[in-house]
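Observations on the three-dimensional arrangement
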Amino acid sequence: MKQEIHPAYHTINVVMTDGTTFETRSTWGSEGDTMTLEVDPKSHPAWTGGTRNLLEGGRVSRFKKKFGGGLTLKK
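Residues numbered from 1 in each chain as written. Predicted model: local features only at pLDDT ≥ 70, side-chain atom pairs only at ≥ 80, totals over all residues. Heavy atoms only, no water.

Take the side chain of His10 next. Checked against the element boundaries, His10 lands in strand 1 (residues 10-15). Note on His10: relative accessible area 8%, which makes it buried. There is a polar contact of 2.9 Å between the side chain of His10 and the backbone oxygen of Trp28. Looking at His10, its side chain comes within polar contact range of the main-chain oxygen of Gly29, at 3.0 Å. Ignoring any residue separated from it by four or fewer positions in sequence, one finds His10 in contact with Thr24, Arg25, Ser26, Thr27, Trp28, Gly29, Ser30 and Glu31. (Helix = DSSP H or I, 4+ residues; strand = E, 2+ residues; numbered from the N terminus. Buried < 20%, exposed > 50% of the residue type's maximum accessible area, 1.4 Å probe, protein only. Polar contact = N/O pair within 3.5 Å; in protein donor to acceptor, adjacent residues only side chain to side chain. Contact = heavy atoms within 4.5 Å.)

What follows covers the pairing of strand 1. Side chains on a regular strand alternate between the two faces of the sheet. Where burial is concerned, most of strand 1 is hidden: five out of the six residues are buried. Bridge count between strand 1 and strand 2 (residues 21-26): six bridges; the pairing is antiparallel. Each residue of the ladder has a partner; that of Val15, found in strand 2, is Thr21. Linking two consecutive strands that pair antiparallel, namely strand 1 and strand 2, is a turn of five residues; a positive phi of about 95 degrees is found at Gly19 within it. The sheet contact formed by strand 1 and strand 3 (residues 34-36) spans three bridges and is parallel. Across the sheet, residue Val15 finds its bridge partner in strand 3, namely Thr36. (Pairing = 2+ DSSP bridges.)

Here it is, written out as structure tokens:
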């Protein structure tokens, strides 16, 4: 392994959104720094199963709004 090309790997503290903390090793920051998370597995909808509130809706609702359901497929 080449010397002096790797980032410093040290211990930091991580604060979750609910206030819980844990210690881990990382290349982020400096020894003893505290990383405060804005989004984590306890609060993000991707992990909690929550839904996003969209004011204008998704692609399908925008399509229906634009064309008013006037397009149909005839067999």
